[in-house]
Every structure is written in C-alpha cells, then in structure tokens.
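# Fold and contact review
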Amino acid sequence: DVKVTQSSRYLVKRTGEKVFLECVQDMDHENMFWYRQDPGLGLRLIYFSYDVKMKEKGDIPEGYSVSREKKERFSLILESASTNQTSMYLCASRDREAESNEQFFGPGTRLTVL
Amino acid sequence: AQSVTQLGSHVSVSEGALVLLRCNYSSSVPPYLFWYVQYPNQGLQLLLKYTSAATLVKGINGFEAEFKKSETSFHLTKPSAHMSDAAEYFCAVSDWTSYDKVIFGPGTSLSVIP
C-alpha cells in the first residue's frame with residue numbers, strides 16, 4: 001500500500017515564524033502535491049511537483065514556497081507565518097504513469113498560527 | 001476552467017436510510033471522476049473512481065456512483081446508512097489539460113442519526 005506521511009499532526013506557531021511542513025511518500029511517485037483545506041472551500045492546491053527539483057504554482061501559492069530535493073520528500077515552507085494561514089494542510093502523491101489520476105493522501109497537519 | 005459542485009454542504013440521514021450525495025462537474029470531455037471520504041482528523045481516502053470502463057462504479061464500504069454524461073453528474077449512493085459513514089465526502093474531477101491536477105468540490109458533511 002502507498003503510504004504518505006506528514007511530519008506533524010498538530011502544529012502551533014507564532015506570527016512571523018518560519019514554518020516547515022514535511023511530507024514523505026514511499027511508493028516512488030513522481031508527482032506530489034500540497035493542499036490546504038478550509039471549511040466550505042474544499043481542497044485548494046498550493047503547489048505541486050512533477051519531479052525532483054521541479055515545481056509548479058497551484059491556485060493559492062502566495063505566502064508559501066516548496067522544496068523537492070529528493071523524490072520521496074516534498075516540503076512546504078511558510079516564510080513568515082500569518083494568522084490567515086491557520087488551516088489543515090494535506091500532502092498527496094500520484095504515480096504519473098497510472099491510468100487514472102488517483103492521488104494518495106497523508107493524514108494532514110493542522111496548523112494554528114497565533 | 002473545470003469546476004465541481006456538490007449540492008448540500010450538510011446532509012443528515014437516519015441509520016438504515018438511503019444515502020445520496022450529489023456531484024456535478026463542468027467538462028467538455030469525459031473526465032476521470034472520484035469520490036473521496038475524510039473521517040474526522042484524518043486525510044482523504046479514495047472511495048471510488050470512474051475511468052470510463054463502466055458508468056456504474058462500485059467502491060468500498062457499500063458505496064457506488066453512477067456517471068451520467070448527459071447530466072454531467074456523478075452522484076454517490078449507499079442503500080443503507082451506517083453510523084460509521086459519518087464523515088466529509090469530496091467529489092473530484094481530473095483535467096488532463098492542466099498538468100494532471102485534480103479539482104475538488106467543496107465537500108458534503110454527512111451525519112447519520114441513530
């Protein structure tokens with residue numbers, strides 16, 4: 001089974017702090033994604049990566065950056081956390097060769113910025 | 001751009017009653033369609049997916065969905081609700097013209113009343 005893990009389930013940070021959210025997948029998937037989930041808005045794509053060192057902006061990239069130095073790891077960085085970045089963050093991965101576009105999700109990190 | 005709508009942000013059913021969660025999508029070509037479920041404090045889990053093999057798709061936990069191209073719909077049903085079905089359900093559509101991204105609906109929260 002595909003396993004996607006995220007470094008923290010719950011995180012509390014202060015405004016202005018630099019925040020790192022880590023995601024690791026163990027199935028050698030090329031594609032990895034970062035979403036944020038907010039009530040009533042569903043999942044919104046922040047960034048995705050289609051291979052090592054490759055990244056593309058999603059729908060809401062402002063205030064975020066990403067890093068993909070190794071195939072299995074995709075990091076989301078909040079350079080200077082703000083209260084409006086309080087949210088649930090979900091990481092996902094996908095086999096680019098798969099017929100369907102199924103994504104496999106991690107358990108999520110609930111981030112609170114005070 | 002493609003979009004996904006889910007009618008009803010909250011749906012309540014009695015235990016043993018029919019579950020019907022509605023999903024409509026906008027697309028000019030037959031897409032891949034998905035239903036994901038999210039249990040409290042967890043990531044998303046794939047319930048079922050439509051990949052053009054059959055219009056009626058059976059998934060896990062007794063759920064099924066029917067693809068109706070003429071109605072651009074992909075409604076999710078289960079004949080008899082169980083207490084364990086209480087969760088958030090997301091409909092999603094893939095768009096091959098957009099870097100393999102998946103577009104999620106806003107979600108429907110299902111409550112099951114004993």
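Placed above this text is the structure.
A brief structural summary. (Residues numbered from 1 in each chain as written. Chains lettered and ligands numbered in written order. Predicted model: local features only at pLDDT ≥ 70, side-chain atom pairs only at ≥ 80, totals over all residues. Heavy atoms only, no water.)

So, about the overall build of chain B. Within chain B, the secondary structure is distributed over zero helices and twelve strands. Secondary structure elements of chain B occur, N-terminal to C-terminal, as β-β-β-β-β-β-β-β-β-β-β-β. Taken over C-alpha atoms, the radius of gyration comes to 14 Å for chain B, in line with the 13 Å a tight globule of 114 residues would show. Taken along the three principal axes of its C-alpha coordinates, chain B extends 45 × 30 × 20 Å. (Helix = DSSP H or I, 4+ residues; strand = E, 2+ residues; numbered from the N terminus. Rg over C-alpha atoms; globule rule 2.2 N^0.38 Å.)

In this structure, Trp 35, Leu 48, Phe 74, Leu 76 and Tyr 89 of chain B are the most contacted members of the largest nonpolar core, which totals 27 residues. Going through the elements one at a time, β2 (10-14), β3 (19-21), β5 (33-38), β6 (44-50), β8 (64-68), β9 (73-78), β10 (87-95) and β12 (108-113) of chain B are the ones with two or more residues in this core. Sort the elements by how many residues they give to this core and β10 of chain B lands first, with four residues. Setting aside chain neighbours within four positions, we find Leu 48 of chain B in contact with Leu 33, Phe 34, Trp 35, Val 57, Lys 58, Gly 59, Phe 63, Glu 64, Ala 65, Phe 74 and Leu 76 of chain B. With 20 residues, the next largest nonpolar core counts Leu 21, Met 32, Ile 46 and Leu 111 of chain A among its residues. (Core = buried A, V, L, I, M, F, W, Y, C linked by side-chain atoms within 4.5 Å. Buried < 20%, exposed > 50% of the residue type's maximum accessible area, 1.4 Å probe, protein only. Contact = heavy atoms within 4.5 Å.)

This part is about the pairing of β5 of chain B. All names here are of chain B. Burial runs high along β5: six of the six residues are buried. Burial along β5 is two-sided: Leu 33, Trp 35 and Val 37 and Phe 34, Tyr 36 and Gln 38, pointing in opposite directions, are all buried. The pairing of β5 with β6 spans six bridges and is antiparallel. Note that in β6 the partner of Phe 34 across the bridge is Lys 49. As consecutive antiparallel partners, β5 and β6 are separated by five residues, and within that stretch Asn 41 has a phi angle of approximately 60°, a positive value. The pairing of β5 with β10 spans six bridges and is antiparallel. The partner of Gln 38 across the bridge, within β10, is Glu 88. (Pairing = 2+ DSSP bridges.)

Quick look at the environment of Ser 111 of chain B now. All names here are of chain B. Mapped onto the elements of the fold, Ser 111 is located in strand β12. Given the relative accessible area of 34%, Ser 111 is considered partly exposed. For the pair formed by Ser 111 and Ala 87, sequence separation is 24 residues and the distance between their alpha carbons is 7.1 Å. Sequence-distant contacts of Ser 111, defined by excluding residues within four places in its chain, comprise Val 11, Ser 12 and Val 13.

Size of an interface: often given as the accessible area lost when the parts come together. Across the boundary between the two partners, chain B contributes 21 residues, which contact 24 residues of chain A. Summed over both sides, the interface between chain B and chain A buries roughly 1,900 Å², with carbon and sulfur atoms accounting for 53% of that surface. Of all residues in chain B, Asn 41, Lys 101 and Phe 104 of chain B give up the largest surface area on contact with chain A, accounting jointly for 25% of the area buried on that side. For the interface between chain B and chain A, the tally reads two salt bridges. When the shortest N-O distance is used, the salt bridge between Lys 49 of chain B and Glu 102 of chain A registers 3.1 Å. (Buried area = accessible area lost by both parts, 1.4 Å probe. Salt bridge = Lys/Arg side-chain N within 4 Å of Asp/Glu carboxyl O.)

This part takes up the sheet that holds strand β7 (residues 65-70) of chain A. Residues and elements named next belong to chain A. An order of β1-β3-β8-β7 is seen for the four strands of this open sheet, with the pairing classed as antiparallel. The outermost strands of the open sheet, each flanked by one partner alone, are β1 (4-6) and β7. The average angle at which neighbouring strand axes cross in this sheet is 20°, direction not considered. Pairing of β7 with strand β8 (residues 73-78) involves four bridges; the strand directions are antiparallel. Of the residues in β8, the one forming a bridge with Val 66 is Leu 76. (Axes fitted to C-alpha atoms, helices over the stretch in contact; angles between N-to-C directions.)

Turning our attention to the layout of surface pockets. Vacant regions in the atomic arrangement are exposed by a probe of water-molecule size rolled over the atoms. Its volume calculated, the largest pocket comes out at about 410 Å³. Taken together, 21 residues form the lining of the largest pocket, with Gln 37 and Pro 39 of chain A together with Gln 38, Glu 88 and Phe 90 of chain B sitting closest to its centre. Elements represented by at least two residues in the lining of the largest pocket include exactly β4 (31-38) and β9 (87-94) of chain A together with β10 of chain B. A per-element tally of the lining of the largest pocket places β10 of chain B first, with three residues. Of the residues in the lining of the largest pocket, the class split is seven nonpolar, eleven polar and three charged. Put simply, the second largest pocket is a space of about 240 Å³. If you trace the second largest pocket, you find 14 residues lining it, with Asp 59 of chain A together with Gln 2, Lys 101, Val 102 and Ile 103 of chain B closest to the centre. Those elements that provide at least two residues to the lining of the second largest pocket are β5 (42-51) of chain A together with β11 (101-104) of chain B. With four residues, the single largest contributor to the lining of the second largest pocket is β11 of chain B. Within the lining of the second largest pocket, the residues separate by chemical class into eight nonpolar, two polar and four charged. (1 Å grid on protein atoms, 1.4 Å probe; cavity = no way out; pocket = protein on both sides within 12 Å on 5 of 7 lines; lining within 4 Å. Points joined across faces, edges and corners; volume = space filled by probe spheres on them. Nonpolar A, V, L, I, M, F, W, Y, C, P; charged D, E, K, R; others polar.)

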